[in-house]
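# A closer look at the structure
Single-letter residue listing:
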Amino acid sequence: MSTSSAIISGTGMSVPDRVVTNKDLEKIVDTSDEWITTRTGIRERRIAGEGEKVSTFCIKAARDAMDAAGVTPLEIQMIIVATVTPDQPIPATACIIQKALGCTNAAAFDMQAGCSGFIYAQSVAKQFVVSGRCKHVLVIGAELLSKFLNWEDRATCVIFADGAGAVVMSEGELPRGVLSSAMYTDGGMADFITLPAGGSAMPPSAETVEKGLHFIQMKGNETFKMAVRSIAGVCLEVLENAGLTPDDVTWFIPHQANQRIIGAVGNRLGITDERCYVNIDRFGNTSAASIPIALDEIVRAGKVKEGDILLMAAFGAGLTWAGSVVRW
Ligand code: UT7
């Protein structure tokens, strides 16, 4: 049996400098620090400034991940950017950053799987690494959701935020690496989180702009109900496939969507708060970027040791959900 595996050899992250607190939002929409904190766990978030693009943050996060991995740009053979907020519809953001990073040997493309995008991209990268097709793949989860928010819609503008996280996935040997992963979709709930205009179904026009159809719209409560069940289920599945149980998990690194969702999933799995990494209070919901940002923080804080078991799981627009287990 093959012992080749895909290990995470380096991590990086980058967020905008500008901090927007709940108090700042109280001045823009009818909300309160108390509502946002108790309903979501968010206290502040990073919001990009004028002229900043999602690629700005991808590039910084990717450089740090490559440095940490000890990999040169020319050794990267594939770049996957998971995002719903690319620099522009064409070309893929991955192509823009391939040039900026000098990764001229890399095939580069974007993936869209909502907030589950990073786990989806990690799963795809794993296949290319384990099959021997690529020695090193750069996987980035990045969003500039602030550019697609209606700052008069309190149901979304208090939740979503900006940032990027990156990992290099490299050839390795079991027992280290991605032990198992799973991806799911239920397009029957595609209307829960949408950005209706700007595509072929509704090309941009003065009317779509006037109606605010270029902004993210979310059925928050319906999404919430689906989230807990789907995340807990996929976590148990990927653990079982790896021959592990929740007790074996050193760190649970969930998508940072809502503190209450994270708590409820932790309860279902029997993973106590001390083993559950949470940074939503500082960064809000950065969609596909939230897991790689959390992973970089935890790794750079020296909290992950060789052999540790990391459980990651996310859900989001689609609806999509996904999970993976990594032995560090
Ligand atoms: O990243 C993956 C995708 N998305 C998610 O994970 C989101 C999942 N959903 C959630 O996190 C929660 O549903 C929210 C935080 C978005 C909302 O919390 P909720 O407990 O589900 O609230 P709700 O939507 O049921 O609204 C409750 C009340 C409503 O008022 P009424 O109708 O009860 O009078 C809302 O109008 O809260 C109101 N409300 C607000 N009040 C103050 C909604 N947003 C706000 C706000 N400030 N920002």
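The rules we used
Residues numbered from 1 in each chain as written. Predicted model: local features only at pLDDT ≥ 70, side-chain atom pairs only at ≥ 80, totals over all residues. Heavy atoms only, no water. UniProt positions renumbered as here; feature names shortened; annotations may be inferred. 1 Å grid on protein atoms, 1.4 Å probe; cavity = no way out; pocket = protein on both sides within 12 Å on 5 of 7 lines; lining within 4 Å. Helix = DSSP H or I, 4+ residues; strand = E, 2+ residues; numbered from the N terminus. Buried < 20%, exposed > 50% of the residue type's maximum accessible area, 1.4 Å probe, protein only. Contact = heavy atoms within 4.5 Å. Points joined across faces, edges and corners; volume = space filled by probe spheres on them. Nonpolar A, V, L, I, M, F, W, Y, C, P; charged D, E, K, R; others polar. Domains from an automatic or database assignment. Lys, Arg positive; Asp, Glu negative; His and termini not counted. Salt bridge = Lys/Arg side-chain N within 4 Å of Asp/Glu carboxyl O. Polar contact = N/O pair within 3.5 Å; in protein donor to acceptor, adjacent residues only side chain to side chain. Buried area = accessible area lost by both parts, 1.4 Å probe.

### With respect to the UniProt feature "active site" (unreviewed entry) in the protein
Residues annotated by UniProt as "active site" (unreviewed entry) correspond here to Cys115, His255 and Asn285. Spatial clustering of the annotated residues is evident: they stretch over 171 residues in sequence, but the largest pairwise C-alpha distance comes to 9.0 Å. Checking the named residues against the largest pocket, the ones that line it are Cys115. Here cysteine 115 lies in the loop between β5 (107-111) and α5 (117-130). We classify cysteine 115 as buried; its relative accessible area is 11%. The contacts of cysteine 115, once residues within four sequence positions are left out, are His255, Asn285, Ser287, Ala288, Ala314, Phe315, Gly316 and Ala317. With respect to the secondary-structure elements, histidine 255 resides in the loop between β11 (251-254) and α9 (259-269). Setting aside residues up to four positions removed in sequence, histidine 255 forms contacts with Cys115, Ile262, Asn285, Ser287, Ser290, Ile291, Ala313, Ala314 and Phe315.

### A few points about the layout of surface pockets
Put simply, the largest pocket is a space of about 850 Å³. Val84, Pro86, Gln112, Phe148 and Leu195 are the residues nearest the centre of the largest pocket, which is lined by 36 residues in total. For the lining of the largest pocket, the secondary-structure elements that each account for two or more residues are β5 and β9 (193-194). For the lining of the largest pocket, a count of residues per class yields 21 nonpolar, twelve polar and three charged. Both of domain 1 (4-174) and domain 2 (179-327) provide at least three residues apiece to the lining of the largest pocket. A volume near 530 Å³ is recorded for the second largest pocket.

### Considerations on the side chain of serine 14
On the secondary structure map, serine 14 appears in strand β1 (residues 4-14). Among the residues examined, serine 14 registers a relative accessible area of 6% and is labelled buried.

### Considerations on the side chain of glutamate 143
Checked against the element boundaries, glutamate 143 lands in strand β6 (residues 136-144). Buried charge without a salt bridge: glutamate 143, with lysine 147 as the nearest opposite-charge side chain at an N-O distance of 13 Å. A polar atom in the side chain of glutamate 143 sits 3.4 Å from the backbone nitrogen of alanine 288.

### Structural notes on the domain arrangement of the protein
Looking at the assigned domains, one finds that the protein contains domain 1 (4-174) and domain 2 (179-327). Taking only C-alpha atoms, the centre of domain 1 and the centre of domain 2 are 13 Å apart. Contact residues are listed per partner, giving 48 residues for domain 1 and 46 residues for domain 2. Carbon and sulfur atoms make up 65% of the area that domain 1 and domain 2 hide from each other, which totals about 3600 Å². For domain 1, the biggest contributors to the area lost against domain 2 are Cys115, Ile119 and Tyr120; these three give 18% of the whole. For the interface between domain 1 and domain 2, the tally reads zero salt bridges. Summed over the shared surface of domain 1 and domain 2, the result is 19 residue pairs in polar contact (both at pLDDT 80 or more). For the side of domain 1 that touches domain 2, the elements supplying multiple residues, two or more each, are β1, α2 (33-40), β3 (44-46), α3 (54-69), α5, β6, α6 (154-157) and β7 (162-173). Here the side of domain 1 that touches domain 2 gets seven residues from one element, more than from any other, and that element is α5. Its residues assigned to classes, the side of domain 1 that touches domain 2 comprises 23 nonpolar, 15 polar and ten charged.

### Thoughts on unusual backbone geometry
The omega torsion of the bond from leucine 174 to proline 175 falls at 15°, within 30 degrees of zero and hence cis. By the element assignment, proline 175 lies in the loop between β7 and β8 (177-185). Unlike most non-glycine residues, serine 287 shows phi in positive territory, near 50°. Within the element layout of this structure, serine 287 appears in the loop between α10 (280-283) and α11 (290-300). The exposure class of serine 287 is buried, given its relative accessible area of 3%.

### Side note on the environment of alanine 161
Counting through the fold element by element, alanine 161 comes out in the loop between α6 and β7. On a C-alpha basis, the gap between alanine 161 and leucine 195 in space is 16 Å, while along the polypeptide they are 34 residues apart.

### Notes on the UniProt feature "domain: Beta-ketoacyl-[acyl-carrier-protein] synthase III N-terminal" (unreviewed entry) in the protein
If you check UniProt for "domain: Beta-ketoacyl-[acyl-carrier-protein] synthase III N-terminal" (unreviewed entry), the listed places come out as residues 109-187 in our numbering. Here residues 109-187 is 23% helix and 42% strand, with 23 Å between the C-alpha atoms at its ends.

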